[in-house]
Amino acid sequence: MAVMGREWFADAVLYEIYPQSFADSDGDGVGDLQGVIARLDHIASLGVNVIWFNPCFASPFVDAGYDVADYLTIAPRYGTNEDMAELVAKAGERGIRVLLDLVAGHTSIEHEWFRRELAADGPDPAGDRYIWCEQLPEQVWQRETPGTPAWVPSPGPRPGFYLKNFYDQQPALNFGWVRRPGDPAWRQPADAPGPLRNRQALKDIIAFWLDRGVAGFRVDMAFSLVKDERVSEGLAATVALWREIREWLDDAYPDAVLIPEGSEPRTGGPAAFDADFFLVIHDEHGSLFDNHFPGVLPFHEAREPFFDAAGKGSTRVFLDGWDAARATDPARLIVMSTADHDYDRLCCGPRTAEQLGAALTFLFTWGNVPCLYYGDEIGMRFLPGLPNVEGSVCDPSYNRAGCRTPMQWDAGPNAGFSTADAARLYLPVDPSPDRPTVAAQEADPSSTLHFVRELIALRRATPALGTRTSTRVINEDYPFAYVRGESHLVVVNPRSEPADLAVAGVVGAPLLSSGVTAHAGGLSVAGFGHGIFNFEP
Ligand code: NOJ
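A. Spotlight on the sheet that holds strand β9 (residues 216-220). Taking strand neighbours across the sheet as the criterion, the eight strands line up as β10-β9-β5-β2-β1-β13-β12-β11 in an open arrangement whose pairing is parallel. Of all strands in the sheet, those bounded by a partner on one side alone are β10 (257-260) and β11 (276-278). Ignoring which end each strand starts from, the neighbouring axes of this sheet average 25° apart. The sheet contact formed by strand β1 (residues 14-17) and strand β2 (residues 50-53) spans four bridges and is parallel. Directly across from Ile17, in β2, lies its bridge partner Phe53. The strands touched by helix α6 (residues 193-210) within the sheet are β5 (97-103) and β9, with β9 carrying the most contacts at an inclination of about 140°.

B. Quick look at the pattern of salt bridges. Counted according to the given criterion, the structure contains 31 salt bridges. With its nearest N and O atoms 2.6 Å apart, the salt bridge here joins Asp274 to Arg6. With Asp274 in the loop between β10 and β11 and Arg6 in the loop between α1 (2-5) and β1, the pair connects residues that are 268 residues apart, well separated along the chain. You can call Arg6 buried: its relative accessible area is 12%. Note that Arg199 and Glu244 form a salt bridge whose closest N and O atoms lie 2.5 Å from each other. With Arg199 in helix α6 and Glu244 in helix α7 (residues 236-252), the pair connects residues that are 45 residues apart, well separated along the chain. Taking relative accessible area as the criterion, Arg199 reaches 11% and is therefore assigned buried. A relative accessible area of 29% means that Glu244 is categorised as partly exposed. Each of Arg6, Arg246, Asp250 and Asp274 takes part in a single network of salt bridges with overlapping partners.

C. A look at the pairing of strand β21 (residues 522-535). Burial runs high along β21: ten of the 14 residues are buried. When strand β18 (residues 488-492) meets β21, the two strands line up antiparallel, connected through five bridges. Within β21, the position partnered with Val490 by the bridge is Ile532. Pairing between strand β19 (residues 499-502) and β21: four bridges, direction antiparallel. Pairing of Leu501 across the sheet is with Leu523, part of β21. Where strand β20 (residues 506-519) lies against β21, nine bridges are found, and the strand directions are antiparallel.

D. Inspection of the sheet that holds strand β8 (residues 161-163) at higher detail. Strands sit in the order β6-β8-β7 across an open sheet of three strands; the sheet is antiparallel. Edge positions in the sheet fall to β6 (132-133) and β7 (151-153), since each has one partner strand and no second. Here β6 pairs with β8 via two bridges, running antiparallel. Directly across from Cys133, in β8, lies its bridge partner Phe161.

E. Molecular detail of the environment of Ser446. With respect to the element layout, Ser446 can be found in the loop between α11 (438-442) and α12 (448-461). Judged by relative accessible area, which is 66%, Ser446 ranks as exposed. Side chain to side chain, Ser446 and Asp444 meet in a polar contact 2.7 Å long.

F. Spatial organisation of the nonpolar core. Within the largest apolar cluster, 149 residues are counted, with the highest numbers of intra-cluster contacts made by Phe9, Phe53, Trp242 and Phe362. Those residues within four positions of Phe9 in sequence are excluded, and the remaining contacts are Leu14, Leu99, Val257, Ile259, Ala275, Leu333, Val335 and Val369.

G. Representation of the domain arrangement of the protein chain within the structure. In terms of domain boundaries, the protein chain breaks down into domain 1 (7-103 + 275-459), domain 2 (108-172) and domain 3 (470-535). Computed from C-alpha coordinates alone, the two centres of domain 1 and domain 2 are separated by 32 Å. Summed over both sides, the interface between domain 1 and domain 2 buries roughly 840 Å², with carbon and sulfur atoms accounting for 61% of that surface. If you sort the residues of domain 1 by the area they bury against domain 2, Val62, Ala69 and Cys394 come out on top, with a joint share of 41%. Inspection of the domain 1/domain 2 interface yields zero salt bridges. On inspection of domain 1 and its partner domain 2, the count reaches five residue pairs in polar contact (both at pLDDT 80 or more). Looking at the side of domain 1 that touches domain 2, the elements that each hand over two or more residues are β4 (70-74) and β14 (393-395). Taken together, the residues that form the side of domain 1 that touches domain 2 break down as eight nonpolar, one polar and four charged.

Thresholds applied
Residues numbered from 1 in each chain as written. Predicted model: local features only at pLDDT ≥ 70, side-chain atom pairs only at ≥ 80, totals over all residues. Heavy atoms only, no water. Pairing = 2+ DSSP bridges. Helix = DSSP H or I, 4+ residues; strand = E, 2+ residues; numbered from the N terminus. Axes fitted to C-alpha atoms, helices over the stretch in contact; angles between N-to-C directions. Contact = heavy atoms within 4.5 Å. Salt bridge = Lys/Arg side-chain N within 4 Å of Asp/Glu carboxyl O. Buried < 20%, exposed > 50% of the residue type's maximum accessible area, 1.4 Å probe, protein only. Polar contact = N/O pair within 3.5 Å; in protein donor to acceptor, adjacent residues only side chain to side chain. Core = buried A, V, L, I, M, F, W, Y, C linked by side-chain atoms within 4.5 Å. Domains from an automatic or database assignment. Buried area = accessible area lost by both parts, 1.4 Å probe. Nonpolar A, V, L, I, M, F, W, Y, C, P; charged D, E, K, R; others polar.

Printed below as a string of structure tokens:
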């Protein structure tokens, strides 16, 4: 049955790989697929069962590969399509599936579709893959365009302007418009030939990679396709488009999952995507973990995070967001990450390694689909103040480079990431003499690496800690405590001060803990302490 085919995602533990920075096998300073293949045993040793790659397709890398020039070809700097097929096969031998990143809403200006439309000196009847206007419209429709206007002057010879999605070099694909005031030629309906061509192209790209064994896609800016839709109106036309793709997948590739970048656009009726994503840059996640060290984004409310030594935060924003996301479907899957390629890491600013245990315990036992960002298994640090590489700096307060630095493997040159001269590295390696590495933490049973492995193993061996059982909060303050599946108690104390939990029903020794002592009335939790226990209500 189609839906059963995707049930595997409920048990997924994801590992996000930013391909530039994971492992460089050919010494050019940039990571590649053979580098990942050589490190598959490390990935498997964590217990994760899905890898999600940021875009690894041919691209001029104005936005780190989120500007795709050819969806059907792996970027030469990462290897070949055969390397990807080899990676998928070898990951599969270890029980690991692979998700790619589908940049659905825009291409690079170097994509042949765009080049062709740019070369024409007027509308192309076989084109209309992009949105062109000859004169700037009075009402400049805009969404998700960091800092600069949405309409970009054509670099010629075609006259006029094109609509972009993000950076200027990321022209929006034309999936039509819901509002067509004045009926200008560029506001085409969603079923016009150009938008239909693009809709078919999405299916063709998806099928191409599914046929090569990948398990599905994370979908970049899934909400952005049909233009001038209001979020308050449910993005009905964009939802309809994704539902059509889901229905086609249900027939053709019933096991394949599609996970949107954030909360899926949805109106009433069946969901078009298999999960929601609580993004690191959004409030639900930020209210718990973001100490604003890398900057305060315009849409961020500056507040104390809950997972902070000062202990001044609250779980309320998160809990409200979680409840809202599951309001219409309590079984809705929600992916929540340790970090991602767009903002900070858990180990950021004042947060130290000893604070990570509480954060990781929460992130792997709450009931979300967890996603471990590469390097967070050893507590790699966010590095502030790095140069703008491949569009990492969106604006002065928003520099993503600090979470994109090379993986730290060992004590060798460039932390074992690459044999290239340090000056040629994609981004600098954390220069700190005590930077964590995989090799050092392998040798230390008390390391973050060992803890992450134990945590994931416990989660996978204990269905109650997964996504399909209830979560009942018993204390939303410090120490945060909740019961999973009415059989397990989790307690985390992210602050430096100890905290006490009055609770009955804890059974036996902890399954995994640090700094938690049981007493007649409940549990005493040391600063930064955390524990997972059997529980009888
Ligand atoms: C979201 C991606 O996560 C981000 O890295 C990218 O810059 C934008 N979408 C534009 O594609």
